[in-house]
Amino acid sequence: MGPMSGVLFLVGVIMVLVGRNRNNDFLFRGRLDLDDGDGEFNRIKSLIIGLSLIIIAVVMWVYLAVYGEPEPLPDYNSMMNRNSSQ
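One structure accompanies this document, and this report is about it. (Residues numbered from 1 in each chain as written. Predicted model: local features only at pLDDT ≥ 70, side-chain atom pairs only at ≥ 80, totals over all residues. Heavy atoms only, no water.)

Overview of the side chain of serine 5
Phase 1: Following the sequence through the fold, serine 5 ends up in helix H1 (residues 2–20).
Phase 2: For serine 5, a relative accessible area of 0% gives the class buried.
Phase 3: Side chain to side chain, serine 5 and tryptophan 61 meet in a polar contact 2.7 Å long. (Helix = DSSP H or I, 4+ residues; strand = E, 2+ residues; numbered from the N terminus. Buried < 20%, exposed > 50% of the residue type's maximum accessible area, 1.4 Å probe, protein only. Polar contact = N/O pair within 3.5 Å; in protein donor to acceptor, adjacent residues only side chain to side chain.)

If you want it as structure tokens, here you go:
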């Protein structure tokens, strides 16, 4: 959970930094856009998604700080093999 939250945070920061600048609207225009839009709606949507990814990563870090890293589930196949071989 720790490395995944770090990746989510980095992707969110990149999306926010790219989405903040109004001069980047051309990056968010699709090739198949039929309405000749300037991409502002997609830029704002990317900004909101980036902010939500940052919030999700921070919530994961708070969860890890309070409860610690969750223990992995036991490997039931090796437990069954160990019990049957005795």
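Moving on from the coordinates now.
Observations concerning the side chain of arginine 43
Phase 1: As for its placement among the helices and strands, arginine 43 is situated in helix H2 (residues 40–67).
Phase 2: Beyond its immediate stretch of four places on either side in the chain, arginine 43 contacts Gly19, Arg20, Asn21, Arg22, Asp25 and Phe28. (Contact = heavy atoms within 4.5 Å.)

Examining the environment of leucine 51
Phase 1: Note that leucine 51 resides in helix H2.
Phase 2: Using a relative accessible area of 43% as the deciding quantity, one classes leucine 51 as partly exposed.
Phase 3: Taking C-alpha positions, leucine 51 is 8.1 Å from methionine 15, a pair spaced 36 residues apart along the chain.

Digging into the packing of H1 against H2
Phase 1: Contact pair H1 / H2: the axes reach a minimum separation of 7 Å and the direction vectors enclose 150°. Looking at the two axes, H1 sits roughly antiparallel to H2. Taken as a pair, H1 and H2 cross one another with a handedness that is left-handed.
Phase 2: For the contact of H1 with H2, the class distribution of residues is 17 nonpolar, 7 polar and 2 charged. (Axes fitted to C-alpha atoms, helices over the stretch in contact; angles between N-to-C directions. Parallel < 35°, antiparallel > 145°, perpendicular 65-115°, else oblique. Left-handed = near helix turned anticlockwise from the far one by under 90°. Nonpolar A, V, L, I, M, F, W, Y, C, P; charged D, E, K, R; others polar.)

Brief notes about H1
Phase 1: With 19 residues, H1 extends 27 Å between its outermost C-alpha atoms, agreeing within 8% with the 27 Å of an ideal straight helix rising 1.5 Å per residue.
Phase 2: Turning to H1, its buried residues are Ser5, Gly12, Val16 and Gly19. All buried residues of H1 project into a common sector of 70° when viewed along the axis, lining one side. Residues of H1 that are exposed and angled more than 90 degrees away from the buried face: Pro3, Val7, Leu10, Ile14 and Leu17. (Expected span 1.5 Å × (residues − 1). Arc of directions from axis to C-beta.)

Things to note about the environment of leucine 47
Phase 1: When you line up the elements, leucine 47 lands in helix H2.
Phase 2: In the structure, leucine 47 is positioned 31 residues away from valine 16 in sequence and 5.0 Å away in space, judged by C-alpha atoms.
Phase 3: Leave out the neighbours within four places in its chain, and leucine 47 touches Val16, Gly19 and Arg20.

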